[in-house]
Amino acid sequence: MSEKSERIVGAAQADSAGAVFGEAERSAGDVPSRAPSPRCAPPEALLAAFDRKVAEESRIEPGDWMPDDYRKGVLRQMSQHAHSEVIGMQPEGNWITRAPSLHRKTILMAKVQDEAGHGLYLYSAAETLGTSRDDMIAALHAGKAKYASIFNYPSLTWADVGAIGWLVDGAAIVNQVSLQRTSYGPYSRAMVRICKEESFHQRQGYQIMMVLARGSAEQKAMAQDALDRWWWPSLMMFGPHDSESAHSAKSMQWKLKRESNDTLRQRFVDQTVPQADIIGLTVPDPELKWNEELGHYDFGEIDWAEFMQVISGNGPCNRQRLAHHIRAKDDGQWVRQAMHVFEEKHRARRQAA
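Residues numbered from 1 in each chain as written. Predicted model: local features only at pLDDT ≥ 70, side-chain atom pairs only at ≥ 80, totals over all residues. Heavy atoms only, no water.

Undergrad: Help me get a handle on the environment of S243, residues and values and all.
TA: Tracing the backbone through its elements, the reader meets S243 in the loop between helix 10 (217-236) and helix 11 (248-253). We classify S243 as exposed; its relative accessible area is 70%. For the pair formed by S243 and D262, sequence separation is 19 residues and the distance between their alpha carbons is 9.7 Å. (Helix = DSSP H or I, 4+ residues; strand = E, 2+ residues; numbered from the N terminus. Buried < 20%, exposed > 50% of the residue type's maximum accessible area, 1.4 Å probe, protein only.)

Here it is as structure tokens:
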């Protein structure tokens, strides 16, 4: 990544600036309500009320009683999602200064800015559970929190920017549309706006791939190469098979997740393969074929050994991504300090008035 690109992406990642932005975006419904103290009712009654609320498709709000495991589960899911949005700025931010035209550069800058905003919405939503953004970021830097494995792959050509928009954001939309109905209120409301913007990102990426596929032989080969490299990591984004997932069953029970990993992955394949056919690109899976009886595409087995390597920290770019995020946070320390001083000055003036 060039020095100029690092400054642009680093500035967008400054988490304290996001604290102000995130608080502005938080709806009144996300303010913790004054729920009755858990001491007012026996644990069995509280759990029964919680289960009934989830079953009735009501939202769990920050001030509501919730089991500790639910709180931990939704915090894990939201913080991982937030980290993914912010770390995911890096592969595309790498191309801001190298976009092929001013028009493309402007669009890409807007998209990277959108991803920063998504992270900030999600950090703010996660903070309603009583964990600070600083704590979440510290966990990420310490290797205790994860982000989507897909962002540990390099963006080697301009076509990768198209593939990320088309495939990575496309996979994200498949997953996130159902999260608009997740049981935790602040998370659900954050997803409504995020999904609208991700839908635009997916179309923008597909348009880049379409232009390249209809261009010169070299441009079409570049697009095909990007599809070849990003296809399987995109399928890995949905996580392991449901039978092998440590969190799926409980998340489904509590409606934090609304659909299983395998169901979402199949939906992504079914909608994406015809899109590749339209622009003349070939999905890199010799086992891919339409199953008339099931009404779905059959596809090959994912390399789960590669998946485990990447989520264990041994992917092509794991160390680079984390080191850059740490450096961007350190470089933005003066911004956070200036904001705090500015806020204190205004608070003092208001109190003196």
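Undergrad: Give me the lowdown on the nonpolar core, citing residues and values where you can.
TA: The biggest cluster of nonpolar side chains holds 77 residues, and the ones touching the most others in it are Y70, Y184, M209, W230 and W231. Sorting elements by how many residues they give to this core places helix 8 (residues 158-179) first, with 11 residues. For W230, the contacting residues outside a window of four places in its chain are I150, Y153, P154, S155, D160, A163, I164, L167 and V168. (Core = buried A, V, L, I, M, F, W, Y, C linked by side-chain atoms within 4.5 Å. Contact = heavy atoms within 4.5 Å.)

Undergrad: Please provide a residue-by-residue account of the confidence of the model for the protein chain, values included.
TA: Scored by pLDDT, the protein chain has a mean of 88; 88% of the residues are at 70 or more. Ignoring residues within four places in sequence, the model shows residues 1-37, a span with pLDDT below 50, making 65 contacts including any to other chains. (pLDDT = per-residue confidence, 0-100.)

Undergrad: Which residues make up the pattern of salt bridges, and what are the values?
TA: Counted by the stated rule, this structure contains 14 salt bridges. A salt bridge links D160 to R229; its shortest N-O distance comes to 2.6 Å. Of the two residues, D160 is situated in helix 8 and R229 in helix 10; the sequence distance between them amounts to 69 residues. The class for R229 is partly exposed, based on a relative accessible area of 25%. Via salt bridges that share partners, E57, K255 and R258 belong to a single interconnected network. (Salt bridge = Lys/Arg side-chain N within 4 Å of Asp/Glu carboxyl O.)

Undergrad: Residue-level account of the side chain of K111, with values.
TA: Positionally, K111 belongs in helix 6 (residues 102-127). Looking at K111, the relative accessible area reads 2%, which means it is buried. A polar atom in the side chain of K111 sits 2.4 Å from the side chain of E92. In contact with K111, other than residues within four places in its own chain, are E92, I164, G165, D169, H201 and Q204. (Polar contact = N/O pair within 3.5 Å; in protein donor to acceptor, adjacent residues only side chain to side chain.)

Undergrad: Account for the environment of E92, with residues named and values stated.
TA: Mapped onto the secondary structure, E92 falls in helix 5 (residues 89-93). Taking the C-alpha atoms as reference, E92 lies 9.1 Å from W158; in sequence the two are 66 residues apart. Not counting the four nearest positions on each side in its chain, E92 is found in contact with L108, K111, V112, V161, I164 and G165.

Undergrad: Describe in detail the packing of helix 6 against helix 9 (residues 185-213), supporting the description with residues and values.
TA: Packed helices, taken two at a time, are described by the angle between their axes plus the distance between the axes. Closest axis-to-axis distance for the helix 6/helix 9 pair is 10 Å, and the angle between their directions is 160°. On the basis of the axis angle, helix 6 is roughly antiparallel to helix 9. Note that helix 6 runs across helix 9; the crossing there is left-handed. For the contact of helix 6 with helix 9, the class distribution of residues is 11 nonpolar, 4 polar and 7 charged. (Axes fitted to C-alpha atoms, helices over the stretch in contact; angles between N-to-C directions. Parallel < 35°, antiparallel > 145°, perpendicular 65-115°, else oblique. Left-handed = near helix turned anticlockwise from the far one by under 90°. Nonpolar A, V, L, I, M, F, W, Y, C, P; charged D, E, K, R; others polar.)

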